[in-house]
Amino acid sequence: MNKKFKMILADIDAVIARDPATKTRTEALFCSAGLQAIIAYRFNHFLWKKGWKLTSRVLSQIARFFTGVEIHPAARIGSGFFIDHGMGVVVGETSEIGNNVTLYHGVTLGGATVFTKNGKITTKRHPTLGNGVIVGAGAQVLGPIKIGDNCKIGANAVVLKDVDANQTVVGVPAHKVEQKKQKEFCFTAYGVCANDRDPIEYQLEKMQKEISELRKNLQNKTQK
């Protein structure tokens, strides 16, 4: 239980470190629905591993009612986990989450059932998130995919494929954005910042310039 207590302390300190509106551990405990959901999950996960599966499921549903956060007790979650705002977050049964991960409201770590000729595969259905991952509000990370360490997933993105470490993805379906090189990883609220360059937007701007040049050339030729 000493290890569990240390993990809960790390979860509390994560709220203070990443939420500028929270100043103390007491405030975090009483005012962070995400933290309350995580503490409930830690207890329910302990019960799940001890074989009290129905009890842990029932208690997780009670926690969902009070916090708006649904975390299956079988999910595996590292320390320093932070859920900001909390409402509408769903973490599925076979989800695996590393250390110091941040989820914002409305995030779904959802399952995808794969059907084969011999039936359906029901083992690993949910995503695996590495250490330091940030998932923006409303993002959907679906299926047994892997998100590498220090990845940032923009708000409302839909991620259906693996993402390499240290990447930022946005859009539907999610695609990588061009980033300025940084010496060290820095925390970015909601997973994206104004300096991130969307490659699709860049290509559209490039095409627009080429079309404008072609129009000018065509006008010059017709005038001659």
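Residues numbered from 1 in each chain as written. Predicted model: local features only at pLDDT ≥ 70, side-chain atom pairs only at ≥ 80, totals over all residues. Heavy atoms only, no water.

## Brief notes about the sheet that holds strand β13 (residues 146-147)
- On the basis of which strands lie adjacent, the open sheet formed by 4 strands has the order β2-β5-β10-β13 and parallel pairing. Across the chains shown, the open sheet's two edge strands, defined by having one partner strand only, are β2 (76-77) and β13.
- Bridge count between β2 and strand β5 (residues 96-97): 2 bridges; the pairing is parallel. Across the sheet, Arg 76 pairs through a bridge with Glu 96, a residue of β5. (Pairing = 2+ DSSP bridges. Helix = DSSP H or I, 4+ residues; strand = E, 2+ residues; numbered from the N terminus.)

## Description of empty space enclosed by the protein
- According to the stated counting rule, one finds 1 cavity of 30 Å³ or more in the structure shown.
- In this model, the largest cavity occupies a volume close to 50 Å³.
- Lining of the largest cavity is provided by Ala 37, Ala 40, Tyr 41, Asn 44, Ser 60, Ala 63, Val 69 and Ile 71.
- Only α3 (33-49) and α4 (53-67) provide two or more residues apiece to the lining of the largest cavity.
- In terms of residues, the lining of the largest cavity owes the most to one element, α3, which gives 4 residues.
- Looking at the lining of the largest cavity residue by residue, the classes come out as 6 nonpolar, 2 polar and no charged. (1 Å grid on protein atoms, 1.4 Å probe; cavity = no way out; pocket = protein on both sides within 12 Å on 5 of 7 lines; lining within 4 Å. Points joined across faces, edges and corners; volume = space filled by probe spheres on them. Nonpolar A, V, L, I, M, F, W, Y, C, P; charged D, E, K, R; others polar.)

## A closer look at the packing of α3 against α4
- Two numbers describe how α3 lies on α4: the axes approach to 9 Å, and their chain directions differ by 175 degrees. As summarised for this structure, α3 and α4 are arranged roughly antiparallel, according to the angle between their axes. Counting all contacts with α3, which are made through Ala 33, Gln 36, Ala 37, Ala 40, Phe 43, Asn 44, Leu 47 and Trp 48, the residues of α4 involved are Lys 53, Thr 55, Ser 56, Arg 57, Leu 59, Ser 60, Ala 63 and Thr 67.
- Within the contact of α3 with α4, the residues separate by chemical class into 8 nonpolar, 6 polar and 2 charged. (Axes fitted to C-alpha atoms, helices over the stretch in contact; angles between N-to-C directions. Parallel < 35°, antiparallel > 145°, perpendicular 65-115°, else oblique. Contact = heavy atoms within 4.5 Å.)

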